[in-house]
Structure formats: structure tokens, C-alpha cells
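Coordinate inspection notes
Residues per chain, in single letters:
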Amino acid sequence: METWVLITVAAAFLQNVRSAMQKHLKGVMGTIGATFVRFGFGLPFALFYLVVLWRGAGHPLPVPNAAFFLWAVVGGLAQIAATFLLVHLFSFRNFAVGTAYSRTEPAQAALFGLIFLGEKASQGALVAIAISVVGVMLISVARTTLSPRSLVTSVFSRTAGIGLASGTFFGLSAVSYRSASLALAPSLPAPDYAMQASFTLGFVILLQTVVMLAWIVIREPEELQRIGAAWRPAFVVGFVGASASFGWFMAMTLQQAAIVKVVAQVEMLFTFASSFFVFREWINRLELLGCLLIVLGVVMLIAL
């Protein structure tokens, strides 16, 4: 199995853990605070990974150029917007619809990859992307009163719009990160996906931390107290989040962002595995169908 696949699966598992803890933090702080935790508390770990590669493993540091800064800034700001919108969805009673549409990220990443990088996906890859996206959307609404038909007709609802916007920004950030990481390659003696990913992650998460901290200080200073009170779980979220992001960045340096994001949908399978084996919760038919579609899409992509 290729390296990027293994890295993606590991990152998906870590993201599943981070998402569960981030939802818990949403109950003790606002949307901005829960969004900031992912970046601010992840910064020390991102910089630690960079130092270990540089000083510990002897990987040379890349020299950033204009293209790197452009794509890194676009990706960093897009991810802030995407994360904010996704966390904001949890405030709505029917957030499942929005969450379902946010899962269109792989399809949107494929579109952005074509527009900005000229990366064309094969017909088989596009079919696999579509299958996996449908699978995840079905899972997102499986425990609601919605049907697959009503999911389509709800496309003009507010939560659907927020979800689609979140997926758009996530797709844009994924392609931007790949572009930024690849822009570093010419400055290295040889391509080094780990260092390229680590350097990109370090810069991006520093940018995100500064931007969000400035916003909180200016607009919502009371949020700082709530963040400080929850520093222990926030510290864990930062570690797990930075580790997952490091995995995403490495995988997207090696492979098209849209392809990586499809394989990343195995995160949903980890969620159901923990629900079934740990919490003894049964999976309904729609969820099972969604899982099978995700597996089918991932297997198709790996085979291709």
C-alpha cells in the first residue's frame, strides 16, 4: 500500500479524536474559542515537529518563495472560515443537513485542483469521489427524520448553505496547502515531503493563531477566560489536531488533495466502530449503506 494512503488513514483516526473533543469544547466556550483551540494549542506541536525534522533528523529547511506565501495565506484563512462555519453548524437544531453538505469537500477540492493546478482526475476517480460523497451525506442524515430525497430538496436551506460554504472553504484550503507545499520543492536538494509538509504546517498554524488571537482580543476578549479554564482538554485537542494536520499535509504533498480527502472519509468508519464496539450503539440501515459506499469509493481510488 502506498505511503500516502497509510498516512491519510492515520490522520483520519486522529481527526476523529480531535473532532469529538472539539465538540465537547463547544459546550464550554463559544464558536470562536472552540475554533481557536485547534490552532493556538496546536502551534507548539507543529513547531516541535519542524525542529525534530530539521535539527534531529538533519532535513534541510526549505526557502519560501512568493508562491508559497500566497497559497499558505489563502489556505490558512480558508481553513479558519471552514472550521468556524462547521462549528457554527452545531448551534442549529437541524445541523445534520449542513454537516452533510460540508462533506462535499472532496468534490469541491477536485474542482479547485483542476482550476488552480490543472490536476485532472480520471473518470474512475470522479466516480469514486461521487460514491464516497453520497455515502458520507447519507450517514450525516441517517439518524434524522430526513430522507435522501428531502436532503436534495433542502439545498436552499440556511444550514445547507452554511454546510456547502464550509465544504467550499475546506476544499480550497486543501488545494492551497498542496500548492504551498509543492512550491517549496525547488529550494531543496531533493523533494522531501515530510519537511515540505512540516514547514507549511508551521507557517500556516502560526498565521492562523495570530489572526484568531487578534480577533478574540479585539472582538470577544471574554472568550480568553473560557479558553484558559479549559486548557487541559484544549491542550490535548491541540496535540491531536496538529498531528492530524501534519499527516494531511504530508499526504497532500504526495497526492492530489481531492484523492486524499476521499480516503480521509474513513474517519466516519472509525466513528461508527467506536460507537458500536465501545458505546454499544446499533447502526441503522442508512448508516450501513453510507459506510459501504465510503468503503467502495476508497477501494476504487486505491485500486486506481
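Residues numbered from 1 in each chain as written. Predicted model: local features only at pLDDT ≥ 70, side-chain atom pairs only at ≥ 80, totals over all residues. Heavy atoms only, no water.

1. Side note on the environment of Glu223
The following threshold applies: In this text, helices come from DSSP runs of H or I with a minimum length of four residues, and strands from runs of E with a minimum of two, each type numbered from the N-terminal end. Residue contacts are defined here by distance: any two heavy atoms, one from each residue, within 4.5 Å place the two residues in contact.
Locating Glu223 in the fold gives a position in helix H11 (residues 222-229). Each C-alpha atom, one on Glu223 and one on Gly33, is 6.2 Å from the other, the two residues being 190 residues apart in sequence. With residues near it in sequence (within four places) discarded, Glu223 still touches Met29, Gly30, Ile32, Gly33 and Ile216.

2. Remarks on the packing of aromatic side chains
Basically, it comes down to this: Stacked, edge-to-face and tilted labels apply to pairs of Phe, Tyr and Trp rings (six-membered ring for Trp) whose centres lie within 6.5 Å, assigned for plane angles under 30 degrees, over 60, and everything in between, in that order. Residue exposure (1.4 Å probe, protein chains only): buried if accessible area is under 20% of the type maximum, exposed if over 50%, otherwise partly exposed. As a reminder, the over-ring test applies to NZ of lysine and CZ of arginine, requiring each to be within 6 Å of the ring centre and within 35 degrees of the ring normal.
Counted by the stated rule, this structure contains eleven aromatic pairs. Seen in terms of ring centroids, Phe68 and Phe69 are 5.5 Å apart; in terms of plane orientation they differ by 70 degrees. Their pairing is edge-to-face. What makes Phe68 buried here is its relative accessible area of 0%. For Phe69, a relative accessible area of 36% puts it in the partly exposed group. Aromatic rings pair up to connect Phe68, Phe69, Phe199 and Phe203 into one cluster. Directly above the ring of Trp54 sits Arg55, whose terminal nitrogen or CZ lies 5.1 Å from the centroid. Of note, Lys261 hangs over the ring of Trp248, and the distance from its end group to the ring centre comes to 4.9 Å.

3. Some words on the UniProt feature "transmembrane region" (unreviewed entry) in the chain
Selection rule: UniProt positions are given in the numbering used here, feature names are shortened, and annotations may be inferred rather than shown by experiment.
If you check UniProt for "transmembrane region" (unreviewed entry), the listed places come out as residues 35-54, 66-90, 124-143, 155-177, 197-218, 230-251, 257-279 and 286-303 in our numbering. Each end of residues 35-54 is marked by a C-alpha atom, and these two atoms are 29 Å apart; helix forms 90% of the span and strand 0%.

4. Focus: the pattern of salt bridges
Side chains bearing opposite charge may pair, as long as their charged atoms lie close to each other. Condition: A side-chain nitrogen of Lys or Arg and a carboxyl oxygen of Asp or Glu constitute a salt bridge if their distance falls within 4 Å.
Overall, the coordinates contain three salt bridges when judged by the stated rule. With a closest N to O distance of 3.3 Å, Lys261 and Glu105 form a salt bridge. With Lys261 in helix H13 (residues 257-263) and Glu105 in helix H6 (residues 105-117), this pair connects stretches of sequence that are 156 residues apart. Between Glu223 and Arg226 there is a salt bridge, and its shortest N-O distance comes to 2.5 Å. With Glu223 and Arg226 both in helix H11 and three residues apart, the pair spans about one turn of that helix. Accessibility expressed as a relative area gives 0% for Glu223, which makes it buried. Residue classification places Arg226 among the partly exposed residues on the basis of a relative accessible area of 34%.

5. A closer look at the packing of H6 against helix H9 (residues 158-183)
To keep things clear, this is the line we draw: Interaxial angles span 0 to 180 degrees and are taken between N-to-C directions of axes, which are lines fitted to C-alpha atoms, for helices over the stretch in contact. Relative orientations are named as follows: roughly parallel for angles under 35 degrees, roughly antiparallel for angles over 145 degrees, roughly perpendicular for angles from 65 to 115 degrees, and oblique for any other angle. Each crossing is labelled by how the near helix is turned from the far one, with a counterclockwise turn of less than a right angle marking it left-handed and a clockwise turn marking it right-handed.
Their axes nearest at 8 Å, the elements H6 and H9 cross at an angle of 45 degrees. In terms of axis orientation, H6 runs oblique to H9. Viewed along their axes, H6 and H9 form a crossing whose handedness is right-handed. Touching Glu105, Gln108, Ala109, Phe112, Gly113, Phe116 and Leu117 of H6 are Leu164, Gly167, Thr168, Phe170, Gly171, Leu172, Val175, Arg178 and Ser179, all from H9.

6. Remarks on the nonpolar core
The condition that has to hold: Within this scheme, the nonpolar core is defined by two criteria: the residues are buried Ala, Val, Leu, Ile, Met, Phe, Trp, Tyr or Cys, and they are joined through side-chain atoms within 4.5 Å.
Formed by 81 residues in total, the largest nonpolar core has its most connected members in Val37, Trp248 and Met252. Element by element, the count of residues in this core is highest for helix H12 (residues 231-254), at ten residues.

7. Brief notes about the packing of helix H2 (residues 31-40) against helix H4 (residues 66-89)
Note the threshold: Polar here means any residue outside two lists: the nonpolar Ala, Val, Leu, Ile, Met, Phe, Trp, Tyr, Cys and Pro, and the charged Asp, Glu, Lys and Arg; Gly therefore counts as polar.
Running from N to C, H2 and H4 cross one another at 135 degrees; their axes reach a closest spacing of 9 Å. In terms of orientation, H2 and H4 fall into the oblique class. Crossing handedness for the pair H2 and H4: right-handed. Across the interface between the two elements, Thr31, Ile32, Ala34, Thr35, Arg38 and Phe39 from H2 touch Gln79, Ile80, Thr83, Phe84, Val87 and His88 from H4. Partitioned by chemical class, the residues of the contact of H2 with H4 number six nonpolar, five polar and one charged.

8. Brief notes about the confidence of the model for the chain
In plain terms, the rule: The predictor reports its confidence for every residue as pLDDT, a score running from 0 up to 100.
Looking at the chain as a whole, its pLDDT mean stands at 86, while 88% of the residues score no less than 70. Model confidence for the chain, summarised as mean pLDDT per element, is weakest for helix H8 (residues 148-153) at 61 and strongest for helix H3 (residues 43-56) at 96.

9. A few points about the side chain of Ser173
Mapped onto the elements of the fold, Ser173 is located in helix H9. Taking relative accessible area as the criterion, Ser173 reaches 4% and is therefore assigned buried. Beyond its immediate sequence surroundings of up to four residues, Ser173 is in contact with Gly75, Ala78 and Gln79.

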